[in-house]
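These are the residues of each chain, in order.
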Number of protein chains: 2
Amino acid sequence: MASLDRSLIAGLPVFDGIAAADLDRIISQARSMRIARDQLVFEQEQEAHSFFLLLDGHVRVVKSTPDGHEVTVRYISPGELMGIASALGRTTYPANAIAAVDCVALAWPSQLWPTFATSFPSFSANTYKVVGSRLQDAHTRVIEMSTEQVEQRVAHALLKLIKQSGKKTEEGIMIDFPISRQDVAEMTGTTLHTVSRLLSAWEDQGLVKSGRQRVVVIEPHRLVVVSEGRGSKS
Amino acid sequence: MASLDRSLIAGLPVFDGIAAADLDRIISQARSMRIARDQLVFEQEQEAHSFFLLLDGHVRVVKSTPDGHEVTVRYISPGELMGIASALGRTTYPANAIAAVDCVALAWPSQLWPTFATSFPSFSANTYKVVGSRLQDAHTRVIEMSTEQVEQRVAHALLKLIKQSGKKTEEGIMIDFPISRQDVAEMTGTTLHTVSRLLSAWEDQGLVKSGRQRVVVIEPHRLVVVSEGRGSKS
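These figures come from a predicted structure and were not determined experimentally.

S.K.: Where do I start with the packing of aromatic side chains in this structure?
M.R.: The relative placement of two aromatic rings is captured by the distance of their centres and the angle of their planes. Throughout the structure, instances matching the rule amount to 25 aromatic pairs over all chains. A centroid spacing of 5.9 Å and a plane angle of 50° characterise the contact between A:Y128 and B:Y128, whose relative ring orientation is tilted. Residue A:Y128 is found in helix α3 (residues 121-147), and its partner B:Y128 is found in helix α3 (residues 121-147); the two belong to separate chains. Taking relative accessible area as the criterion, A:Y128 reaches 8% and is therefore assigned buried. The interplanar angle of 25° and the centroid separation of 4.4 Å between the aromatic rings of B:F42 and B:Y93 together place this pair among those described as stacked. Linking B:F42 in strand β2 (residues 40-42) with B:Y93 in the loop between β6 (81-82) and β7 (96-99), this pair joins segments that are 51 residues apart in sequence. For B:F42, a relative accessible area of 6% gives the class buried. Residue classification places B:Y93 among the buried residues on the basis of a relative accessible area of 1%. Members of the aromatic cluster, joined through ring pairs, are A:F15, A:F51, A:W108, A:W113, A:F116, A:F120 and A:F123.

S.K.: Whenever I open this one, the sheet that holds strand β10 (residues 173-175) of chain B confuses me. Can you help?
M.R.: Each strand in a sheet pairs with its neighbour through backbone hydrogen bonds, running either in the same direction (parallel) or in the opposite one (antiparallel). All names here are of chain B. Taken in spatial order, the 4 strands of this open sheet run β9-β10-β12-β11, and their pairing is antiparallel. Sheet topology places β9 (166-168) and β11 (208-211) at the edges, where each strand pairs with a single neighbour. With direction set aside, neighbouring strand axes in the sheet form an average angle of 25°. Both β11 and strand β12 (residues 214-217) contribute to a ladder of 4 bridges, which runs antiparallel. Bridge pairing in β12 links V208 to V217. With respect to the sheet, helix α4 (residues 150-165) is in contact with β9, β10, β11 and β12, its orientation differing from that of β10 by roughly 95°.

S.K.: What's the story with helix α4 (residues 150-165) of chain A in this structure? I'm lost.
M.R.: In an α-helix, one turn spans 3.6 residues; hence positions three or four apart end up facing the same way. Between its terminal C-alpha atoms α4(A) stretches 22 Å, which fits the 22 Å expected from 16 residues at 1.5 Å a residue. Residues A:E151, A:Q152, A:R153, A:V154, A:A155, A:A157, A:L158, A:L159, A:L161, A:I162 and A:S165 constitute the buried set of α4(A).

S.K.: Would you take a moment to explain the nonpolar core for this structure?
M.R.: Across soluble globular proteins, nonpolar side chains show a tendency to be buried alongside one another. Core analysis: the biggest nonpolar cluster contains 56 residues, and A:F15, A:W108, B:F15 and B:W108 have the highest contact counts within it. Contacts of B:W108, omitting those with residues within four sequence positions, involve B:F15, B:I26, B:Q29, B:A30, B:H49, B:S50, B:F51, B:L53 and B:F116.

S.K.: Any chance you could explain the side chain of B:S227 here in plain terms?
M.R.: All names here are of chain B. Mapped onto the secondary structure, S227 falls in helix α7 (residues 220-227). Given the relative accessible area of 4%, S227 is considered buried. With residues near it in sequence (within four places) discarded, S227 still touches E148, Q152, A155, H156 and L159.

S.K.: Explanation requested: the relation of the copies chain B and chain A in the structure shown.
M.R.: These two copies of the chain differ by a rotation about an axis and a displacement along the same axis. Placing chain B over chain A gives an RMSD of 0.0 Å and needs a rotation angle of 180°, together with 0.0 Å of translation along the axis. Expressed as an axis order, the relation between the two copies is that of a two-fold axis. Looking at the interface residues of chain B, 100% of them are also at the interface in chain A, so both copies use one shared face.

S.K.: I keep staring at the domain arrangement of chain A and nothing clicks. Help me out?
M.R.: It is common to give the size of an interface as the accessible area that goes away when the parts come together. Residue and element names in this part refer to chain A. On domain assignment, one finds that chain A holds domain 1 (6-144) and domain 2 (149-227). Look at where the C-alpha atoms of domain 1 and domain 2 centre, and you get two points 26 Å apart. Each side of the interface is counted separately: domain 1 has 15 residues, and domain 2 has 15 residues. For the pair domain 1 and domain 2, the summed buried surface comes to about 1200 Å²; carbon and sulfur atoms form 47% of the total. Its largest share of buried area at the contact with domain 2, domain 1 owes to H58, Y75 and E144, together 45% of the area lost on that side. Where domain 1 packs against domain 2, one counts 3 salt bridges. Broken down by secondary-structure element, the contributors of at least two residues to the side of domain 1 that touches domain 2 are β5 (70-76) and α3. In terms of residues, the side of domain 1 that touches domain 2 owes the most to one element, β5, which gives 5 residues. Of the residues assigned to the side of domain 1 that touches domain 2, the class counts are 5 nonpolar, 3 polar and 7 charged.

S.K.: Please clarify how the sheet that holds strand β1 (residues 31-35) of chain B should be interpreted in this entry.
M.R.: Residues and elements named next belong to chain B. Spatial strand order, β1-β8-β3-β6: 4 strands in an open sheet with antiparallel pairing. Of all strands in the sheet, those with a lone pairing partner are β1 and β6, marking the two edges. Bridge analysis of strand β3 (residues 50-56) against β6 gives 2 bridges, and the strand direction is antiparallel. The residue bridging F52 from the neighbouring strand is M82, located in β6.

S.K.: For this particular structure, what's the right way to read the interface of chain B and chain A?
M.R.: With 32 residues of chain B in contact, the opposing surface of chain A contributes 32 residues. A buried area of about 2900 Å², summed over both sides, lies between chain B and chain A, and 70% of it is on carbon and sulfur atoms. For chain B, the biggest contributors to the area lost against chain A are B:Y128, B:L135 and B:V142; these three give 22% of the whole. The interface formed by chain B and chain A contains 0 salt bridges. At the boundary of chain B with chain A, the tally comes to 6 residue pairs in polar contact (both at pLDDT 80 or more). Those elements giving two or more residues to the side of chain B that touches chain A turn out to be β5 (70-76), α2 (113-119) and α3 of chain B. In the side of chain B that touches chain A, the residues fall into 14 nonpolar, 12 polar and 6 charged.

Calculation rules
- Residues numbered from 1 in each chain as written.
- Chains lettered and ligands numbered in written order.
- Predicted model: local features only at pLDDT ≥ 70, side-chain atom pairs only at ≥ 80, totals over all residues.
- Heavy atoms only, no water.
- Phe/Tyr/Trp six-rings, centres within 6.5 Å; stacked < 30°, edge-to-face > 60°.
- Helix = DSSP H or I, 4+ residues; strand = E, 2+ residues; numbered from the N terminus.
- Buried < 20%, exposed > 50% of the residue type's maximum accessible area, 1.4 Å probe, protein only.
- Pairing = 2+ DSSP bridges.
- Axes fitted to C-alpha atoms, helices over the stretch in contact; angles between N-to-C directions.
- Contact = heavy atoms within 4.5 Å.
- Expected span 1.5 Å × (residues − 1).
- Core = buried A, V, L, I, M, F, W, Y, C linked by side-chain atoms within 4.5 Å.
- Least-squares fit on C-alpha atoms with pLDDT ≥ 70 in both.
- Domains from an automatic or database assignment.
- Buried area = accessible area lost by both parts, 1.4 Å probe.
- Salt bridge = Lys/Arg side-chain N within 4 Å of Asp/Glu carboxyl O.
- Nonpolar A, V, L, I, M, F, W, Y, C, P; charged D, E, K, R; others polar.
- Polar contact = N/O pair within 3.5 Å; in protein donor to acceptor, adjacent residues only side chain to side chain.

Written out as structure tokens, the structure reads:
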């Protein structure tokens with residue numbers, strides 16, 4: 001197997017401030033892997049043997065509830081860590097991670113986490129930020145669900161997705177991975193029926209265009225207006 | 001000023017696994033403080049100069065939204081850390097913390113956080129757990145708001161509060177700090193009207209008893225049934 005080069009991770013926010021020699025040490029302990037679309041990267045409640053860095057693709061993180069509901073917690077973009085149970089003081093994965101497209105990732109054994117955290121203070125500080133922003137995101141969702149109409153929440157979710165992984169196309173900004181109306185419903189705490197109704201209304205108004213597992217935002221600024229609760233009711 | 005003794009913090013989960021001499025070093029850098037009921041311990045978006053350990057009392061953590069909504073994020077019980085912006089990679093406090101009753105707390109300058117985290121690996125590991133469980137709580141709330149009826153969410157919130165800070169009384173288990181119906185509404189993403197309607201119905205059924213800023217759970221097992229969505233609709 002050819003060895004991995006530190007250029008794979010140099011420049012990523014999570015490895016910011018780490019010396020080249022240390023990056024070499026970090027990358028030398030990683031293994032690279034491909035994950036085919038729809039395959040599990042890791043599984044909820046299973047032993048967290050590894051933590052991962054997504055190099056290419058998109059991964060959907062989904063929590064299953066005991067009564068069979070599924071809630072999409074977030075999408076992971078290239079350059080982001082995932083499966084960092086150690087940073088949450090856990091020994092099992094808190095959710096399922098499913099490749100939304102074909103992916104490439106690096107994996108490290110979880111037992112290296114404490115060594116990385118104490119040997120590389122920048123890594124420790126950077127991962128605090130990762131966890132902090134995920135906590136912030138979760139609270140933002142709680143607040144949105146407490147205070148916003150479903151229309152605003154769906155608009156916020158689409159805006160967040162195009163910000164995180166939008167791709168410019170001739171039609172507008174496309175969410176760069178397959179996403180179904182059911183996925184959007186699971187992200188916003190509403191039903192498939194409601195998401196379908198909203199997307200159809202917005203399509204009629206020329207704000208978005210959507211098809212099977214595909215959403216393009218044509219008029220982001222008008223969607224911002226909707227997300228702020230200033231849009232016309234549909 | 002009399003010096004603080006390590007017995008104040010020994011035995012708390014967050015200081016688990018730390019040697020006595022190190023506890024002495026940690027406590028010697030703390031300052032103790034009283035916070036009167038309804039006073040702010042720290043303020044959202046202000047510079048996070050200190051982090052805190054609650055020794056006595058209860059503190060309500062509330063996020064304000066730009067459009068003036070307030071959402072109760074959690075209640076802090078004795079022995080818990082609060083204002084740990086450093087553990088979230090932040091330099092400002094993410095929320096407001098308000099003393100729900102008269103409180104006693106310890107405070108350390110935030111600049112000590114990185115030193116504590118690298119000098120005391122147990123402290124670092126324990127605080128990962130704190131942040132991990134708060135993230136887990138936030139996701140649980142998102143899931144509850146996505147999948148549960150409001151009746152279940154309010155039942156879950158009351159059960160969580162009596163588990164965290166219930167006090168046995170002759171009538172039943174009392175939530176051991178002043179809590180209003182509005183507070184419960186802010187914790188569960190519903191309206192004051194709905195909480196009032198539910199508490200009245202449950203009072204009629206003999207499950208709870210509530211008054212101004214006071215909730216007693218008389219029949220926790222029947223409330224569990226409601227929280228699981230198996231209760232009679234009210």
